[in-house]
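Here are the chains, one letter per residue:
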Amino acid sequence: MNKSVAFHTLGCKLNYSETSTLGRMLEADGFEKKDFMEEADVYVINTCSVTENADKECRMMVRRIQKRAPEALVVITGCYAQLKPKEIATIKGVDLVLGAAEKFNLSKHLKELTKGPADGGGAKICSCDIEETSGFHSSFSINDRTRAFLKVQDGCDYNCSFCTIPLARGHSRSDTITGVISNMHELAATGTREIVLTGINLGDFGKGDNGGKSHESSFYELIQAMDAVDGIERIRISSIEPNLLSNDIIEFVARSKRFMPHFHIPLQSGSNAVLAAMRRRYKRELYEDRVNYIKELMPHCCIGADVIVGFPGEDDGAFKETFDFLHRIDISYLHVFTYSERSNTHALDLKPIVPIHKRHERNQALRNLSFQKMRYFEEQNTGVTRQVLFEKADTNGLMEGFTDNYIKIQTPYRKEWVNNLVNWAL
């Protein structure tokens, strides 16, 4: 009898692309794929470890599996598994921990895996030092044929003082342009209308399968090649560092028919002193220049930003700098993260530490600002007709989709609009 497998993904779009690929690999090997809330023979949790909450959520999911299917095999992979394999191995119910180098060997490991002791602590660990991780594993999601997450880059050679991603993902490495184009054709054949480009440091694309100091190609060359491929109507850039977002890229997106007028540009802080402590590779003046140039060429463009609040040394003055900076520049929304201490990061040595209650207060203040920013952006687009790519119905009989410039639209469900572009008066 074929075994069944269920997946759960924590974290970023790149994780979703990898989980989808792992699922297709196991299905090709004869596994029956099930929903995570169903009873299955194997459960795989692809983890994130950007925040402490991601670690806690992983533990909570394992406990749920134990109650639902105590005899099922439980596999943990992803960033948390690479960073803290021994910690995960002690969790009751976990049978296998796969680090970054072994993630895509999941099928082979499952053929040899047996259920560990009921009291826990018997999990098998298959991991190695992150420096030994090499090779690029192409991934994309096709769970929803309307939009697919396409991984084109992995790892990071930056050394931000708060971040564990280089320790979890390894050095920067990329697919080839030929490989990306091949994946685009495969996605187009499934009926996919929109691709979201994903990576850990997307703008650093081009260092090749095993990384290196020099680029074999560039992100600018990649998007030029992608723009020439028929069959995919929309392409989005998920996130790109401001120091890697060149004028050439901005100008290309402005004249492209396939690349959407939507950028997500991590900021992290509007204080240059805090940016320096974070070891970011730019100052806020460069960030503002990038935003201003985008808006000069594409006034209708949606711009999102990542911000971390409560970083060590962020006093009231530094936070006010961040708030005032974000209030002033023409961005559309924020993803706000509360700083949490992570092992093996330089930020652990920085002082003074911001009290937890202040971190939460600052988080709420920026979330409120984000809401106001998005409402203002939507008002600016009122009366304009834009194309919406509609997706599937939700539980209330509504369907939703996004305009090219990332405004969410909800409307009563119409079957003929699913996975189709519809002109919409905002």
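Look up a bit, the structure's there.
Quick look at the structure, then.

About the thresholds
- Residue positions are given per chain, counting from 1 as you read along its sequence in written order.
- This being a predicted model, a pLDDT of at least 70 is required before a residue's local features are given, and a value of 80 or more before pairs of side-chain atoms are given or counted; all residues contribute to the totals for chains, interfaces and linings.
- Hydrogens and water are ignored here; the side-chain numbers use all heavy atoms of the structure.
- The helix count covers DSSP runs of H or I at least four residues long, the strand count covers runs of E at least two residues long, and both are numbered beginning at the N terminus.
- Atoms considered for the radius of gyration are the C-alpha atoms alone. The globule rule reads 2.2 Å times the number of residues to the power 0.38.
- Burial classes follow relative accessibility: with a 1.4 Å probe on protein chains only, a residue under 20% of its type's maximum area counts as buried, one over 50% as exposed, and anything between as partly exposed.
- In this analysis, two residues are considered to be in contact whenever any of their non-hydrogen atoms come within 4.5 Å of each other.
- Note on charges: Lys and Arg go in the positive column, Asp and Glu in the negative column, and His and the chain ends are not counted at all.
- Positions of charges follow a simple convention, taking NZ of Lys, CZ of Arg, CG of Asp or CD of Glu.
- Between any two strands, pairing holds if DSSP finds at least two bridges.
- Between the N-to-C directions of two axes lies an angle of 0 to 180 degrees, each axis being a line fitted to C-alpha atoms and, for a helix, fitted only over the stretch in contact.
- Think of it this way: a Phe, Tyr or Trp ring, Trp meaning its six-membered ring, pairs with another when their centres are within 6.5 Å, and the plane angle makes it stacked under 30 degrees, edge-to-face over 60, tilted otherwise.
- Both a distance and an angle decide whether a charge sits over a ring: NZ of Lys or CZ of Arg must be within 6 Å of the ring centre and within 35 degrees of the ring normal.
- By convention a crossover is right-handed if, when the strands point away from the viewer, the path from the first strand over the helix to the second runs clockwise.
- As used in this record, nonpolar core signifies buried Ala, Val, Leu, Ile, Met, Phe, Trp, Tyr and Cys residues forming a set joined through side-chain atoms within 4.5 Å.

## Structural notes on the overall build of the protein
Assigned secondary structure in the protein consists of 13 helices and 19 strands. Relative to its length of 426 residues, the protein is compact, with a C-alpha radius of gyration of 22 Å against a globular reference of 22 Å. Taking the principal axes of its C-alpha atoms as reference, the protein extends roughly 60 × 55 × 45 Å. A buried classification covers 54% of the 426 residues belonging to the protein. The contacts of the protein with a sequence gap of at least 6 include a subset with a gap of at least 24, amounting to 73%. Each charge class in the protein was averaged separately, 54 positive and 57 negative side chains, and the resulting centres sit 2 Å apart.

## As for the sheet that holds strand β18 (residues 408-412)
Sheet strands pair via backbone hydrogen bonds, and the direction of the pair is either parallel or antiparallel. Pairing is antiparallel across the open sheet formed by 4 strands, whose spatial order is β18-β17-β16-β19. Edge positions in the sheet fall to β18 and β19 (421-425), since each of these pairs with one other strand and no more. Taken over all neighbouring pairs, the strand axes of this sheet differ in orientation by 40 degrees on average, direction set aside.

## Regarding the packing of aromatic side chains
Any pair of aromatic rings gets described here by the distance separating the centres and the angle formed by the planes. Evaluation of the coordinates by the stated rule reveals 12 aromatic pairs. Pairing Phe390 with Trp424 gives two aromatic rings, centres 5.6 Å apart and planes at 70 degrees, and the pair type is edge-to-face. With a gap of 34 residues between them, Phe390 in strand β16 (residues 385-393) and Trp424 in strand β19 connect regions that are remote in the sequence. For the pair shown, Phe390 and Trp424 are each scored as buried. Aromatic side chains Trp417 and Trp424 sit 5.8 Å apart centroid to centroid with 85 degrees between the ring planes, which places their arrangement in the edge-to-face category. A relative accessible area of 16% means that Trp417 is categorised as buried. A relative accessible area of 18% means that Trp424 is categorised as buried. One aromatic cluster in this structure is built from Phe162, Phe311 and Tyr339. Here Arg24 stacks its cationic end above the ring of Phe140, 4.3 Å away from the centre of that ring.

## Looking at the pairing of strand β1 (residues 4-9)
With 5 of its 6 residues buried, β1 lies for the most part within the structure. Inspection of the sheet shows β1 paired to strand β2 (residues 32-34) by 3 bridges, in the parallel sense. Looking at the pairing, Ala6 lines up with Lys34 of β2. For the handedness criterion, the β-α-β arrangement of β1, helix α1 (residues 13-28) and β2 is classed as right-handed. Across 5 bridges, β1 lies against strand β3 (residues 42-47) in parallel orientation. If you follow Ala6 over to β3, its bridge partner there is Tyr43.

## Considering the sheet that holds strand β8 (residues 147-151)
If you walk across this open sheet you meet the 4 strands as β7-β8-β11-β12, and the pairing is mixed. Strand pairing shows two members of the sheet lacking a second neighbour, β7 (139-140) and β12 (234-237), which therefore form its edges. Sheet strands touched by helix α7 (residues 177-189): β7, β8, β11 (194-198) and β12. Its angle to β8, the strand with the most contacts, is close to 160 degrees. Packed onto the sheet, helix α8 (residues 219-227) meets β8, β11 and β12 and runs at close to 170 degrees relative to β11.

## Let's talk about the side chain of Thr322
Examined against the element boundaries, Thr322 turns out to sit in helix α12 (residues 316-328). Classification of Thr322 as buried rests on a relative accessible area of 1%. In contact with Thr322, other than residues within four places in its own chain, are Ser269, Gly270, Ser271, Val307, Glu314 and Leu366.

## Examining the pairing of β11
The element β11 is extensively covered by neighbouring structure, given that 5 of its 5 residues are classed as buried. Taking every second residue as pointing to the same face, both faces of β11 are buried, with Glu194, Val196 and Thr198 on one and Ile195 and Leu197 on the other. Direction of pairing for β11 relative to β12: parallel, over a ladder of 4 bridges. Directly across from Val196, in β12, lies its bridge partner Arg236. For the handedness criterion, the β-α-β arrangement of β11, α8 and β12 is classed as right-handed.

## Quick look at the nonpolar core
The biggest cluster of nonpolar side chains holds 51 residues, and the ones touching the most others in it are Leu197, Phe219, Met226 and Phe263. Sequence-distant contacts of Met226, defined by excluding residues within four places in its chain, comprise Leu150, Val180, Ile181, Met184, Leu197, Ile235, Arg258 and Phe259. Judged by nonpolar contacts, the second largest core, of 23 residues, contains Met61, Ala72, Ile76 and Ile91.

As far as function goes, none of this settles anything; it's purely spatial.
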